Amino acid sequence: AKYTSANESVVRVNELGEVEVAGYGEGAITAWYLSRIAIATVTVPYANTLEPTLFSKARRRNFIDEMTLSKLEELRLPPSPRSSDSEFLRRVFIDTIGTLPTDADARRFLESNEPGKRDELIDSLLEREEFVDYWSYRWSDLLLVSSKNLPRSAMWSYYRWIREQVRSNVPWDALVRSIVTARGSTLSNGAGNFFMLHDEPRLMAETTSQAFLGMSINCAKCHNHPMEKWTNTQYYQMANLFARVRTKSGTADGENIIFAAPHGELIQPLTGKPQPPAPLDGESLPFESGADRREHLADWLVSPENPYFGRAIANRIWANYMGVGLVESVDDMRATNPASNEPLLQSLAGYLAESSYDLKALMRLILRSETYQRSSAPLPGNREDGRFFSRYYPRRLMAEVLLDAFSQVTAVPTTFHVDLRNENRGLGEAYPPGLRALQLPDTKIASYFLKSFGSAAREQTCTCERTEDPSVAQALHLANGDTLNSKLTASGGLIDQLLESGKPPGAFVETLYLAGLGRMPGSVEKERFTSALQQADPDQIRLVLEDAFWAVLTSREFLFNH
């Protein structure tokens, strides 16, 4: 047997299976023997002394709060208090629709005394057009929408199909079934382009498992999986479900026709024979069955009894809103990488199944929870927590959201061009004026900013494609690059509008802070900027205002969601 630790900062294990505690939190110890695994969880409470009534008096809105508080109590981690209205306002806008609240949005929400205003805001955001933009973009990342690997006409068909699913709030199980069983023209049925990206049985099996089950079966292609229970035989059973899918060229440019053939098998190299087609842990089909095997796969895949499907999408949604998945990363949901709160993940998956896989229902549940609405400010007792949601974890805005935020606050849109430089054709056609980064259907975009700030290339189904890691290139571009600086010096933007409004300098500062940070400036902040504007020579006021905008828009408070 071989022993490993999933979190060596908490527990370590040697080759004899002897465990040593190394820190606070939870860690999993795995024992491996051939293709069998057994897991033990080791819980080490933090050395905090807490008030006896701390958890009994804590706010609770739904089962999310009950389960997170139960875990925090077990670990002796105090929860941070509720976020302020301004903190919640900016956070929920970014997490739900990928934009900042406007000056007017912020004033209206902060001045309201209605007790249910947070719930009303959540409901309104879930119905906004920007919600469609944001989630179409997120699912386009997952489903690899890009003209790098698809004809441009097919890429547009794929993207428009995804947008329509989001706009119509199509249940996740129905959406996935449409993708897995897609047939017909890839131009009239955009879902078919998922197959065109992976038009080989093994690739389809691997990508379907990664995208919709959150787990990789790639290692089982040559031998039994070394970190999971999946065997080489199960891999080829799964892949054989796609062995009869065929394509042919259509009459239109970029069109392909997908159909199921009555014959065809995938040979398992180790045995020299095909394996009976079967989903992972599912029932097999007889070789002589003439039905489209993908229908059998889809039935198993989206079944409420499938222990993987609901967990995978619930974990992806949770990670979008909480910054960290219950299983991290969201593409690594193997048994040997257990959730930080397994009962909560099971309950979220169960709630989603009971809600007919309505993703908005799950989002609303998370957003209304006190767990989501906690402050991001750490307490002395929970500063080291990064897994159990004792507070909201700050994170840098994703590249597209950040670029759109610069455009929104300065009122100067970004112009996007198709990138044809790899084809030695320079810049291609321009997208319509005013189109935001989150409305782009493609990744073939000429944008140094998006590239340097870690946007996904959409070449593999993995969140590792997108990075939020800081770099020197990012810092230099914010300081000296033309993305932000050109917006600050452009005519007709918010700076010009403020100067032409005739309002006093103090009003300029309030507008900047509300638009950029979702809050009113503090007294010291307002005095500092107002004084600089008042003391400036008339021909220097615009430069001072540009500097004020730059200072706010490059601050950590602006660059991070918190």
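Residues numbered from 1 in each chain as written. Predicted model: local features only at pLDDT ≥ 70, side-chain atom pairs only at ≥ 80, totals over all residues. Heavy atoms only, no water.

Another aspect to go through is the sheet that holds strand 7 (residues 245-249). The strands making up a sheet associate through hydrogen bonds between their backbones, and the pairing can be parallel or antiparallel. The sheet built from 3 strands is open, its strands ordered 6-8-7 with antiparallel pairing. Both edges of this open sheet fall to strand 6 (184-185) and strand 7, since each of them pairs with a single strand only. (Pairing = 2+ DSSP bridges. Helix = DSSP H or I, 4+ residues; strand = E, 2+ residues; numbered from the N terminus.)

Turning our eyes to something else, we now look at the pairing of strand 8 (residues 256-260). Across 2 bridges, the pairing between strand 6 and strand 8 is antiparallel. Opposite S185, over in strand 8, you have I257 as the bridge partner. Bridging between strand 7 and strand 8 involves 5 bridges; their strand directions are antiparallel. From the neighbouring strand, V245 faces strand 8, where its bridge partner is A260. From the end of strand 7 to the start of strand 8, which pair antiparallel, there are 6 residues, and G254 there has a positive phi angle of about 80°.

Quick look at the sheet that holds strand 5 (residues 36-44) now. Strand order in this open sheet of 3 strands is 1-4-5, and the pairing throughout is antiparallel. With partners counted over all chains shown, the strands left at the sheet margins are strand 1 (2-5) and strand 5, one partner each. Between one strand and the next, the sheet's axes are offset by a mean angle of 20°, whatever the strand orientation. Strands in contact with helix 1 (residues 63-75) are strand 4 (25-33) and strand 5; relative to strand 4, the strand with the most contacts, it is inclined by about 90°. (Axes fitted to C-alpha atoms, helices over the stretch in contact; angles between N-to-C directions. Contact = heavy atoms within 4.5 Å.)

By the secondary structure assignment, R316 is in helix 12 (residues 309-322). With a relative accessible area of 11%, R316 lands in the buried category. Here the alpha-carbon distance between R316 and L326, two residues 10 residues apart in the chain, equals 8.9 Å. Residues contacting R316, with those up to four places away along its chain left out, are L142, Q210, A211, G214, V330, D331 and T463. (Buried < 20%, exposed > 50% of the residue type's maximum accessible area, 1.4 Å probe, protein only.)

Looking now at the state of the cysteines. Scanning all chains against the criterion turns up 1 disulfide. Put simply, C462 and C464 are joined by a disulfide, and their sulfur atoms are 2.2 Å apart. Taking the torsion about the sulfur-sulfur bond, which here is approximately 140°, the covalent link between C462 and C464 counts as right-handed. Here C462 falls in the partly exposed class, since its relative accessible area comes to 25%. In this structure C219 is not part of a disulfide, and its nearest cysteine sulfur, from C222, lies 8.8 Å away. Look at C219 and you get partly exposed, because its relative accessible area is 32%. Residue class for C222 comes out exposed when judged on its relative accessible area of 53%. (Disulfide = S-S within 2.5 Å.)

Most often, soluble globular proteins have nonpolar side chains that are buried together. One finds W139, W172, F212, I317, F549 and F558 to be the most contacted residues of the largest nonpolar core, which totals 139 residues. With residues near it in sequence (within four places) discarded, I317 still touches W135, W139, L359, L362, M363 and I366. Counting residues in each nonpolar core, the second largest holds 8 residues, with Y46, F55, L69 and L77 among its members. (Core = buried A, V, L, I, M, F, W, Y, C linked by side-chain atoms within 4.5 Å.)

Another aspect to go through is the side chain of Q474. Looking at the element boundaries, Q474 is found in helix 17 (residues 472-480). Assessed through its relative accessible area of 5%, Q474 is described here as buried. Other than its neighbours up to four places away in sequence, Q474 contacts R396, S452, F453 and D469.

A few words now on the packing of helix 19 (residues 494-501) against helix 22 (residues 541-553). Relative orientation of the contacting elements helix 19 and helix 22 amounts to 130°, with a least axis distance of 11 Å. In terms of orientation, helix 19 and helix 22 fall into the oblique class. Judged by the sense of rotation from one axis to the other, the crossing of helix 19 with helix 22 is right-handed. The segment helix 19 lies against helix 22, with L494, I495, D496, L498 and L499 engaging I541, R542, L545, E546 and F549. (Parallel < 35°, antiparallel > 145°, perpendicular 65-115°, else oblique. Left-handed = near helix turned anticlockwise from the far one by under 90°.)

All right, on to helix 3 (residues 103-111) then. Where helix 3 is concerned, the buried positions are D105, A106 and F109. One face of helix 3 carries all of its buried residues, which in axial projection span an arc of 95°. Relative to its buried face, helix 3 has exposed residues pointing more than 90 degrees away, namely R108 and E111. Of the surrounding elements, those touching the buried residues of helix 3 are helix 2 (85-97), helix 4 (117-125) and helix 20 (505-517). (Arc of directions from axis to C-beta.)

On to the packing of aromatic side chains. For the coordinates displayed, the defined rule picks out 23 aromatic pairs. A ring pair is formed by W135 and W139, whose centres lie 5.3 Å apart and whose planes are at 45°; its orientation type is tilted. Separated by 4 residues within a single helix, W135 and W139 lie in helix 5 (residues 129-143), roughly one turn from each other. We classify W135 as buried; its relative accessible area is 3%. Among the residues examined, W139 registers a relative accessible area of 8% and is labelled buried. Taken together, the ring pairs in this structure connect F88, F109, F131, Y134, W135, W139, W172, F194, F212, Y321, Y372 and Y392 into an aromatic cluster. (Phe/Tyr/Trp six-rings, centres within 6.5 Å; stacked < 30°, edge-to-face > 60°.)

Another point: the side chain of R244. Topologically, R244 is positioned in the loop between helix 10 (232-239) and strand 7. Only 2.8 Å separates the side chain of R244 from the side chain of E265, close enough to count as a polar contact. Of the polar contacts made by the side chain of R244, one reaches the backbone oxygen of S289; its length is 3.0 Å. Leave out the neighbours within four places in its chain, and R244 touches F259, A260, A261, P262, H263, G264, E265, F287, S289 and R293. (Polar contact = N/O pair within 3.5 Å; in protein donor to acceptor, adjacent residues only side chain to side chain.)

On to unusual backbone geometry. A cis geometry characterises the amide bond from E328 onward to S329, with omega recorded as 5°. Along the chain, S329 falls in the loop between helix 12 and helix 13 (342-354). The backbone of L144 shows a phi angle near 65°, a positive value even though the residue is not glycine. Assignment of secondary structure puts L144 in the loop between helix 5 and helix 6 (152-167). Note on L144: relative accessible area 5%, which makes it buried. Even without glycine at this site, R458 takes up a positive phi of about 60°. Within the secondary structure, R458 is located in the loop between helix 16 (448-452) and helix 17. Overall, the relative accessible area of 0% leaves R458 in the buried class.

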